[in-house]
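Given next are the chains, with one letter for each unit.
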Amino acid sequence: CTVIFTRLATRDLHKPISILFCNLAVSDLFTSFSGFWISMLFITNPDITIFGSQDMLAPYALYTTSILSTIYNLVSIGIERYLAVAESMRTRFRVARSHSIAVAFISWVLAFFLGCLPLMGWNCLHADRNISVLYSPFCVNYLIFIAVPSVVLAFVVPLFTYLRIIIILRKRKLRMQACGQATGTYKSAETQVARTSISIWLLALVSYAPFFAGVIFDAANQLCHADLYPGVYIFRNCTAMLITITCLGNPVLYTLKLRTLGAKLKALRCPSASRARACAV
């Protein structure tokens, strides 16, 4: 919420990448909200989160939608950063605010469509075969249909975009060194992008890889709920906690540094002297 507030209230942050950052914060907010909803259902009635029921379809669908939206936003941010760095190439493409708004809208439409498929009938409420033992009443084939392309998208596209960014910055630095010009800016940018990309990979690996492993385990083992209780369900809850931690890490990685974020909030809370005089008039 802090990221959304600062992005919307600060005029100098109204940029194409800022729209994607704000959209990512909205996705993280939905992930946290849906995770809290599932947690409350687990506290009040643990059996329905283990054996599945009609009441679990809506929170699981919202949870899936928010996770898909987060993944699409991360991919969009990587592509936007690549286009911004490579804009001086011969076939350049400058990203405008309208493009970012369109990407955000399309990502939410696609996420809602895929995430709400169980609400439209692709579930195993009245079927014992192909039912997921970790995320009942979801079907195993639906989880595979959602998880495999999303994980591949989340890992392959950022790998290509951020590696290309580092390669472009290094080539420009070497070109400037050959001309005898200063390369401090490109060296700093290359270091910052490398650190950010490594952080992205570590955060995505820690958060989404266990969830993907759980889906593969769910598909490979045709066991009943009693055979998996309670160890596997503890692992399922831990994967949900890791995804929630990702929602806390994304604002630090993709938006403002903590010190800069504090300065922006302080500027919003304490207006400048000129603004105060204008308000007094």
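- The name an unreviewed UniProt entry gives the protein is LPAR1 protein, with Cnemophilus loriae as the organism.
- The UniProt entry for the protein carries the following text under Sequence similarities (unreviewed entry): "Belongs to the G-protein coupled receptor 1 family."
- If you open the UniProt record of the protein and go to Subcellular location (unreviewed entry), you find "Cell membrane".

1. Here we look at the overall build of the protein
Part 1: Counting its secondary structure elements, the protein contains eleven helices and zero strands.
Part 2: Overall, the protein shows an N-to-C arrangement of helices and strands of α-α-α-α-α-α-α-α-α-α-α.
Part 3: The proportion of buried residues among the 281 residues of the protein is 43%.
Part 4: Pairs at least 24 residues apart make up 75% of the contacts formed inside the protein by residues separated by at least 6 positions.
Part 5: Working note: accessible area of the protein is about 15600 Å², and carbon and sulfur atoms make up 68% of it.

2. Considering the packing of aromatic side chains
Part 1: Enumeration over the complete set of coordinates arrives at nine aromatic pairs.
Part 2: Ring centres of Tyr 60 and Tyr 135 lie 5.9 Å apart, and the angle between their planes is 70°; this geometry places the pair in the edge-to-face category. One end of the pair, Tyr 60, is in helix 4 (residues 57-85); the other, Tyr 135, is in the loop between helix 5 (97-115) and helix 6 (140-178), and 75 residues separate them in sequence. For the pair Tyr 60 and Tyr 135, one class covers both residues: buried.
Part 3: A connected cluster of aromatic rings, assembled from ring pairs, spans Tyr 60, Trp 122, Tyr 135, Phe 138, Tyr 142, Phe 145 and Phe 211.

3. A few points about the packing of helix 1 (residues 2-9) against helix 2 (residues 16-44)
Part 1: Remark: helix 1 packs on helix 2, axes separated minimally by 9 Å, with the N-to-C direction vectors making an angle of 155°. In this view, helix 1 runs roughly antiparallel relative to helix 2, as classed from their interaxial angle. In terms of crossing hand, the pair formed by helix 1 and helix 2 is left-handed. Note on element contacts: helix 2 touches helix 1 through Ser 18, Phe 21, Cys 22, Ala 25, Val 26 and Leu 29, opposite Val 3, Ile 4, Arg 7 and Leu 8.
Part 2: Tallied by class, residues from the contact of helix 1 with helix 2 come to eight nonpolar, one polar and one charged.

4. A look at the environment of Leu 83
Part 1: In this fold, Leu 83 is placed in helix 4.
Part 2: For the pair Leu 83 and Val 95, spaced twelve residues apart in the sequence, the C-alpha separation amounts to 7.3 Å.

5. Some points on the state of the cysteines
Part 1: Summed over the entire model, instances satisfying the criterion amount to one disulfide.
Part 2: Disulfide partner of Cys 124: Cys 139, at an S-S distance of 2.1 Å. Since a negative S-S torsion denotes a left-handed disulfide, the Cys 124-Cys 139 link at about 125° is right-handed. With Cys 124 in the loop between helix 5 and helix 6 and Cys 139 in the loop between helix 5 and helix 6, the pair connects residues that are 15 residues apart, well separated along the chain. Each member of the pair, Cys 124 as well as Cys 139, carries the same accessibility label: buried.

6. Details of unusual backbone geometry
With glycine set apart, most residues show a phi of negative sign, and most peptide bonds adopt trans.
Part 1: Residue Pro 137 is reached from Ser 136 by a cis peptide bond, and omega for that bond is 10°.
Part 2: Considering the arrangement of structural elements, one finds Pro 137 in the loop between helix 5 and helix 6.

7. Here's the deal with a nonpolar patch on the surface
Part 1: Taken together, the side chains of Phe 36, Met 40, Phe 42 and Ile 43 present a nonpolar region at the surface, about 410 Å² in accessible area.
Part 2: Tracing the backbone through its elements, the reader meets Phe 42 in helix 2.

8. Let's talk about the nonpolar core
Part 1: Tyr 135, Phe 138 and Tyr 142 are the most contacted members of the largest nonpolar core, which has 35 residues in total.
Part 2: Where this core is concerned, the elements lending two or more residues are helix 2, helix 3 (46-51), helix 4, helix 5, helix 6, helix 7 (184-220) and helix 9 (231-254).
Part 3: Leave out the neighbours within four places in its chain, and Tyr 142 touches Thr 64, Leu 114, Gly 115, Leu 117, Pro 118 and Trp 122.
Part 4: Grouped together as the second largest cluster of nonpolar side chains are 13 residues, Leu 24, Val 85, Ile 168 and Ile 200 included.

9. Quick look at the environment of Leu 68
Part 1: With respect to the helices and strands, the residue Leu 68 is situated in helix 4.
Part 2: Sequence separation between Leu 68 and Ile 146 is 78 residues; the distance between their C-alpha atoms is 8.5 Å.

The rules we used
Residues numbered from 1 in each chain as written. Predicted model: local features only at pLDDT ≥ 70, side-chain atom pairs only at ≥ 80, totals over all residues. Heavy atoms only, no water. UniProt positions renumbered as here; feature names shortened; annotations may be inferred. Helix = DSSP H or I, 4+ residues; strand = E, 2+ residues; numbered from the N terminus. Buried < 20%, exposed > 50% of the residue type's maximum accessible area, 1.4 Å probe, protein only. Contact = heavy atoms within 4.5 Å. Areas by Shrake-Rupley, 256 points an atom, 1.4 Å probe, with all protein chains shown as cover. Phe/Tyr/Trp six-rings, centres within 6.5 Å; stacked < 30°, edge-to-face > 60°. Axes fitted to C-alpha atoms, helices over the stretch in contact; angles between N-to-C directions. Parallel < 35°, antiparallel > 145°, perpendicular 65-115°, else oblique. Left-handed = near helix turned anticlockwise from the far one by under 90°. Nonpolar A, V, L, I, M, F, W, Y, C, P; charged D, E, K, R; others polar. Disulfide = S-S within 2.5 Å. Patch = residues over 30% accessible without salt bridge, like charges linked within 9 Å, V, L, I, M, F, W, Y side chains within 5 Å. Salt bridge = Lys/Arg side-chain N within 4 Å of Asp/Glu carboxyl O. Core = buried A, V, L, I, M, F, W, Y, C linked by side-chain atoms within 4.5 Å.

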